[in-house]
Amino acid sequence: MSFLATACVVRVNRERFQKMVFAIVMGLFPVLLVSCGSGKLPAFQSGQTAYVTLPTENSVLLLHINGLTGAITTGALTPQVTGTAPHGLALLPHKFLFVANSQSNAIAVYKIASDGSLSLSSTPTPDGGTGPDNLTIDSSGKFLFVSNSFSANVSAFSIDSSSGALTAVAGSPFFANDSPGEMLILPGTSFLYVTNSRIGTVTGFTFSSSGVLTTVPGSPFVSGPGASGLAVSNSGQYLYIANSTALNPGSTTVGNISGFNIDSTSGTLTRIIGSPFTSAIGSGPSTLVADASGRFIFATTPGTAFSIWAFTLDPTNGQLAASPGSPFSVAGGGLFAVTDSIGSFLYIGSQSANGIEAYAYDPNNGQPTTVLNSPFSTFTAPGKMVIDQ
């Protein structure tokens with residue numbers, strides 16, 4: 001082979017090699033970024049879809065969350081239906097959104113399109129109780145539960161996985177003591193817990209394979225005055241409840257957080273040693289949320305003074321300790337508190353702001369930093385929010 005021919009072969013092979021290396025590097029580039037550092041996906045997290053109810057507007061608002069910055073942009077409103085006052089909501093991810101119409105005592109079912117937009121699936125289903133307030137769905141997606149604040153019970157429905165249609169469970173609704181409000185299902189179990197704000201308790205249920213509710217032994221359990229928001233540890237061992245009007249001996253702080261051990265067999269609750277836990281200063285915690293990492297529990301209050309209480313959770317005993325710098329004097333709210341699935345952002349429903357306060361929080365100590373352009377307007381006071389994740 002001539003020198004010129006040999007040189008051409010080498011040049012072609014080198015060009016092919018360079019292209020091959022470039023293709024491999026570009027293919028691995030996202031993986032490398034994801035694998036390094038924190039293991040999260042900030043650079044490639046395109047965003048999430050969320051929904052918020054607007055009770056006075058008789059509508060549900062579509063939201064888009066920027067996965068990198070946490071900023072919210074608003075999408076379409078569902079058609080207004082007078083006299084519905086939608087409040088609580090729950091979803092089967094990317095399939096159906098269920099909404100409690102608190103004024104018309106019915107549950108609306110919306111189909112979720114690929115772009116996140118909503119369309120009413122059928123005529124709303126009668127709830128069977130009065131004042132439907134909050135909704136939750138079990139881990140299998142088979143059952144929907146609704147707390148009815150005026151009729152002191154919980155409605156239970158089976159969910160048709162293909163259409164979202166609801167069918168009342170035999171015996172529904174089930175007595176849940178006075179003023180049932182916030183609800184939580186322990187992930188991966190059949191335990192359902194409901195707070196009773198007027199009597200300061202939490203009612204515990206277990207549900208059967210057909211969705212029938214039975215109270216757990218010892219229920220209801222005393223929590224504290226104004227029992228409202230709930231959160232559970234990632235381990236499923238500990239349950240926390242915000243007592244918004246509880247007094248703390250020797251302290252001017254109003255409100256505290258009750259912590260309970262959860263019996264994995266019976267669902268019975270027993271107090272965590274040191275419970276209740278409170279802040280050095282502040283008043284009126286009504287919402288609770290655990291972050292995705294399981295390290296923090298956030299409690300929020302209305303106003304801007306000492307409004308976010310951040311606690312670190314000891315996984316060995318469930319005890320809570322105030323994070324350094326907590327409570328934080330930033331704009332808060334008492335309507336809801338949710339975190340994103342990555343564990344980067346905290347969203348708080350604010351009546352005074354007619355919108356949503358958004359924060360990035362430090363993964364080391366939970367300290368919140370306001371997201372640019374927060375609060376994000378929802379035009380009127382929001383009801384509840386859920387992220388499709």
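Look a little higher up for the structure.
Nothing here was measured: the structure is a model prediction, and the numbers come from that model.

1. A few points about the packing of aromatic side chains
Here the distance between the centres and the angle between the planes together describe a pair of aromatic rings.
Part 1 of the reasoning: In this structure the tally under the stated criterion is eight aromatic pairs.
Part 2 of the reasoning: Judged by centre distance (6.5 Å) and plane angle (50°), the ring pair of Phe96 and Phe98 falls under tilted. Assigned by exposure class, Phe96 and Phe98 land together as buried.
Part 3 of the reasoning: Here the aromatic cluster, defined as three or more aromatic residues joined through ring pairs, consists of Phe143, Phe145 and Phe207.

2. Here's the deal with the sheet that holds strand β25 (residues 308–313)
Part 1 of the reasoning: One open sheet holds the four strands; their spatial order is β23-β24-β25-β26, and the pairing between them is antiparallel. At either end of the open sheet lies a strand with only one pairing partner, and these are β23 (287–290) and β26 (320–322). If you compare each strand with its neighbour and ignore which way they point, the axes differ by 30° on average.
Part 2 of the reasoning: Where strand β24 (residues 296–300) meets β25, five bridges bridge the pair, whose relative direction is antiparallel. Pairing of Ile297 across the sheet is with Phe311, part of β25.

3. Brief notes about the nonpolar core
Most often, soluble globular proteins keep nonpolar side chains buried together rather than apart.
Part 1 of the reasoning: Leu63, Tyr347 and Met385 are the most contacted members of the largest nonpolar core, which has 17 residues in total.
Part 2 of the reasoning: Contributions of two or more residues to this core are made by β1 (48–54), β2 (59–65), β28 (345–350), β29 (355–361) and β32 (385–388).
Part 3 of the reasoning: In contact with Tyr347, other than residues within four places in its own chain, are Ile65, Gly70, Ile72, Phe336, Ala337, Val338, Ile356, Glu357, Ala358, Met385 and Ile387.

4. Notes on the environment of Thr270
Part 1 of the reasoning: Looking at the secondary structure, you find Thr270 in strand β22 (residues 269–271).
Part 2 of the reasoning: Along the backbone, Thr270 and Phe260 are 10 residues apart, and their C-alpha atoms lie at a distance of 5.2 Å.
Part 3 of the reasoning: With residues near it in sequence (within four places) discarded, Thr270 still touches Gly259, Phe260 and Asn261.

5. Topic: unusual backbone geometry
Part 1 of the reasoning: Residues Ser326 and Pro327 are joined by a peptide bond in cis, for which omega reads 5°.
Part 2 of the reasoning: Considering the arrangement of structural elements, one finds Pro327 in the loop between β26 and β27 (337–339).
Part 3 of the reasoning: For the bond running from Ser374 to Pro375, omega is 5°, close enough to zero to count as cis.
Part 4 of the reasoning: The residue Pro375 is located in the loop between β30 (368–370) and β31 (376–377) in this model.

6. Overview of the sheet that holds strand β3 (residues 72–77)
Part 1 of the reasoning: If you trace the four strands from one edge of the open sheet to the other, you get β3-β2-β1-β32, paired in antiparallel fashion. At either end of the open sheet lies a strand with only one pairing partner, and these are β3 and β32. Going from strand to strand, the sheet's axes swing by 30° on average, the running direction of each strand aside.
Part 2 of the reasoning: Relative to β2, β1 is paired through seven bridges, and the arrangement is antiparallel. Each residue of the ladder has a partner; that of Leu54, found in β2, is Ser59.

7. Remarks on the pattern of salt bridges
Side-chain pairing between opposite charges can occur once the charged atoms of the two side chains come close.
Part 1 of the reasoning: As enumerated under the stated definition, the model contains two salt bridges in all.
Part 2 of the reasoning: As a salt-bridge pair, Glu182 and Lys384 come within 2.6 Å of each other at their nearest N and O atoms. In this pair, Glu182 sits in strand β14 (residues 180–185) while Lys384 sits in the loop between β31 and β32, placing the two residues 202 residues apart along the sequence.
Part 3 of the reasoning: Given the relative accessible area of 24%, Glu182 is considered partly exposed.
Part 4 of the reasoning: You can call Lys384 buried: its relative accessible area is 10%.

Analysis parameters
- Residues numbered from 1 in each chain as written.
- Predicted model: local features only at pLDDT ≥ 70, side-chain atom pairs only at ≥ 80, totals over all residues.
- Heavy atoms only, no water.
- Phe/Tyr/Trp six-rings, centres within 6.5 Å; stacked < 30°, edge-to-face > 60°.
- Buried < 20%, exposed > 50% of the residue type's maximum accessible area, 1.4 Å probe, protein only.
- Pairing = 2+ DSSP bridges.
- Helix = DSSP H or I, 4+ residues; strand = E, 2+ residues; numbered from the N terminus.
- Axes fitted to C-alpha atoms, helices over the stretch in contact; angles between N-to-C directions.
- Core = buried A, V, L, I, M, F, W, Y, C linked by side-chain atoms within 4.5 Å.
- Contact = heavy atoms within 4.5 Å.
- Salt bridge = Lys/Arg side-chain N within 4 Å of Asp/Glu carboxyl O.

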